[in-house]
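Residues per chain, in single letters:
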Amino acid sequence: QVKLVESGGGSVQPGGSLRLSCTASGRPYGPYAMAWFRQAPGKEREFVAASASRKYYSASVRDRFTISRDRGTNTIYLQIDNLKPEDAAVYYCAESPYYGGVYMVREEYDDWGQGMKVVISS
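Residues numbered from 1 in each chain as written. Predicted model: local features only at pLDDT ≥ 70, side-chain atom pairs only at ≥ 80, totals over all residues. Heavy atoms only, no water.

Peer 1: Looking at this model, I keep getting lost on the environment of Ser25. Mind explaining?
Peer 2: Its place among the elements puts Ser25 in strand β3 (residues 18-25). Along the chain, Ser25 and Asp63 lie 38 residues apart, while their C-alpha atoms are 30 Å from each other. If we skip the residues at most four places from it in the chain, Ser25 touches Gln1, Val2 and Lys3. (Helix = DSSP H or I, 4+ residues; strand = E, 2+ residues; numbered from the N terminus. Contact = heavy atoms within 4.5 Å.)

Peer 1: For this particular structure, what's the right way to read the nonpolar core?
Peer 2: Generally speaking, soluble globular proteins have nonpolar side chains that are buried together. With 25 residues, the main nonpolar core has Leu20, Trp36, Leu78 and Tyr91 as its most contacted residues. Elements with a minimum of two residues in this core: β3, β4 (33-39), β5 (46-51), β7 (65-70), β8 (75-80), β9 (89-96) and β11 (116-120). For this core, the element with the highest residue contribution is β3, accounting for four residues. Filtering out sequence-adjacent residues up to four positions away, Leu78 remains in contact with Leu18, Arg19, Leu20, Trp36, Val48, Ala49, Phe65, Thr66, Ile67 and Tyr91. (Core = buried A, V, L, I, M, F, W, Y, C linked by side-chain atoms within 4.5 Å. Buried < 20%, exposed > 50% of the residue type's maximum accessible area, 1.4 Å probe, protein only.)

Rendered as structure tokens:
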């Protein structure tokens, strides 16, 4: 059974930084791809960033978000800098065991974390 455990969410002032973490367990050889999505109130869940054979970013976050990965611990991180009000959302970690995907769509991911809230507050 695959399990994803997220940490690092919270309340941050505009312009501040945050580092989210997600550790996957349960696959003998680890996930092939791991990703971050987010869902703001009243909106669809959207792709943010992914790590597979290379890194993928949504165009809207490319300049401020950095995804990194520790394959030894099956952990991914999302460094978010210069936080803006529109970054407020529930952030979800996801994992996929599959090769050859696009890695930017929800349907390619088998398992999801519980989500954690990021609040932008001055």
